[in-house]
Amino acid sequence: MSQNSIHWFRKGLRLHDNPALIAALKDCRHIYPLFLLDPWYSTNTHIGINQWRFLMETLKDLDSNLKKLNSRLFVVSGPPTEVLPKLFEKWKITRLTFEVDTEPYSQSRDKEVMKLAKEYGVEAIPKISHTLHNIDRIIDENNGKTPLTYVRFQSVLKAIGPPKKPVPAPTKEDMKGVSTPFSEDHEEKFGIPTLEDLGLDTSSLGPDLFPGGEQEALRRLDEHMQRPGWVCKFEKPQTSPNALIPSTTVLSPYVRFGCLSARTFWWRLTDVYRGNKHSEPPVSLHGQLLWREFFYTTGVGIPNFNRMEGNPHCVQVDWDNNPEHLAAWREARTGFPFIDAIMTQLRQEGWIHHLARHAVACFLTRGDLWISWEEGQKVFEELLLDADWSLNAGNWQWLSASAFFHQYFRVYSPIAFGKKTDKNGDYIKKYLPLLKKFPAEYIYEPWKAPRSIQERAGCIVGKDYPRPIVEHEVVHKKNIQRMKAAYAKRSPEDKPITKGVKRKAAPIKLVLEKKAKR
Ligand code: FAD
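Residues numbered from 1 in each chain as written. Predicted model: local features only at pLDDT ≥ 70, side-chain atom pairs only at ≥ 80, totals over all residues. Heavy atoms only, no water.

A description of the nonpolar core should follow, citing residues and the corresponding values.
With 70 residues, the main nonpolar core has Phe9, Phe35 and Phe265 as its most contacted residues. A per-element tally of this core places helix α3 (residues 49-67) first, with 8 residues. Residues in contact with Phe265, not counting those within four places in the same chain, are Leu221, Met225, Thr249, Leu251, Val255, Leu260 and Leu289. Residues Ala356, Leu364, Ile428 and Tyr442 belong to the second largest nonpolar core, which totals 60 residues. (Core = buried A, V, L, I, M, F, W, Y, C linked by side-chain atoms within 4.5 Å. Buried < 20%, exposed > 50% of the residue type's maximum accessible area, 1.4 Å probe, protein only. Helix = DSSP H or I, 4+ residues; strand = E, 2+ residues; numbered from the N terminus. Contact = heavy atoms within 4.5 Å.)

So what's going on with the site of the ligand? Residues and values would help.
Near the ligand lie 29 residues; those nearest to it are Thr248, Thr249, Val250, His354 and Asp386. Separating a nitrogen atom of the ligand from a backbone N or O atom of Arg292 is a distance of 3.4 Å. When isolated, the ligand has an accessible area of 820 Å², and the protein chains bury 99% of it. If you list the elements that add at least two residues to the shell around the ligand, you get α13 (285-301), α16 (354-367) and α18 (389-399). With 6 residues, the top contributor of residues to the shell around the ligand is α13. Here the shell around the ligand is composed, by residue class, of 16 nonpolar, 8 polar and 5 charged. (Near = heavy atom within 4 Å. Polar contact = N/O pair within 3.5 Å; in protein donor to acceptor, adjacent residues only side chain to side chain. Areas by Shrake-Rupley, 256 points an atom, 1.4 Å probe, with all protein chains shown as cover. Nonpolar A, V, L, I, M, F, W, Y, C, P; charged D, E, K, R; others polar.)

Which residues make up the pattern of salt bridges, and what are the values?
Between side chains of opposite charge, a pair can form as their charged atoms come close. In this structure the tally under the stated criterion is 30 salt bridges. For Arg268, the salt bridge is made with Asp222, and the minimal N-O distance between the two is 2.9 Å. Linking Arg268 in helix α12 (residues 262-273) with Asp222 in helix α9 (residues 214-225), this pair joins segments that are 46 residues apart in sequence. Arg268 sits in the partly exposed class, given a relative accessible area of 28%. (Salt bridge = Lys/Arg side-chain N within 4 Å of Asp/Glu carboxyl O.)

On their own, these measurements won't tell you what the molecule is for.
Structure (structure tokens):
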């Protein structure tokens, strides 16, 4: 039977490794590639202007890739449960395909949409391609329990095997007999809006260092894969938080929006590794993709994952409510140049290195300001191009020693940490040009510079640049005690699990085979 299909793009904003799109094209007469501007996101999340630009660039790129297949992207505004039924009728739709999304809102939205599709006689086909594996299968394989450590997670994945190979992008051949009924006024009716059309204030847009889209994602991936030595030697802790040229891939915004498939990334790395000595998880690039998968799994398995309250694996901490300190951190006014430089890079460019995220997250929470990780999560959600529900929540819990990581007594110094990889403070000088004339000796602690040096540098601390808002040496010690008290209040069953949950016994056949081999 000839089908009229909608392929609904949400994440997965690409043609390569898009099994749901391929399913839409099977026995298809008319295909409608659709993107919905869902008002839920504007009212319930804090997406910032740089991220909006990234999304619009990505949609433009998607449309231009679809044009090469004689198709077009249809952009429609409105809640999915209102828009989709209208389109089912208008376009006489028989099939709806989309990529599985594990975030809580997406799950409830998709449940409603599947119900509606059934009512309208539309076959709904969800396919998994945002993660390396089926997340439910990972939890099932662990006896229905969420693996809570990376080691445990790795052993579960060993039993599952490598991720599926990515599926190729549709070709003109695949599109034979399939058409997209778009009209001359398509641009007017279904075109991609500008940021101004969306009513967004573009005055704070930063430089467009990481333009959105599948083509840019694949170009960047190719560029990295052409450096096999770098890929094979990659060890995350050896990369630098304050390098002026990013010391990691910056593929995260592309993976987040699905301009790049995680499975494509994984298998390209496998190709580079083949026959070569290479680093291993958790520090290798494969290891980074496994961190992503780990936090997607915990995001599905742990209730209220993006909150402290009601989250059974999160230490309950009496965080302070201090709007002035929170604003100073958010607006790069803490008086600690390393922290303020990172927060400036984040606001302007939308991406900061993983260890830079460590530094500012520790500073906001258990290190210095004693402000809830949920507040930091909101700021990152707004400012990061790669802001991702599961990864943001998981990593904030880690850094605040609320879950997964429990060595709360190991605190990053806002002064010494940055010096390890940038003695001269070139990174600080780039993002805080106000301080660029300070000698290296004082660049991390300008308040210690004698008045004459401050005058020569043209920057008086307390007037042109703030004094430190806290005394790190004092507060971090006090905070360690507060954290100790929070940990002590945990009941025995809440105590951190470090060994993972007991596994299912291996099938007897396997045990016997192993014995025979020995
Ligand atoms: P690479 O080192 O090149 O890694 C390759 C890919 O692996 C990344 O693109 C990303 O998809 C994945 N990855 C790498 N590190 C991690 C990690 N620690 N956890 C999960 N996945 C990882 N990452 C996000 O993508 N979105 C977020 O919202 C986010 N919030 C964070 C919040 C905090 C407080 C911290 C400490 C980290 C957060 N991270 C987040 C994780 C990590 O910092 C970024 O994924 C990484 O820095 C992106 O840069 P890259 O692409 O160059 O990474």
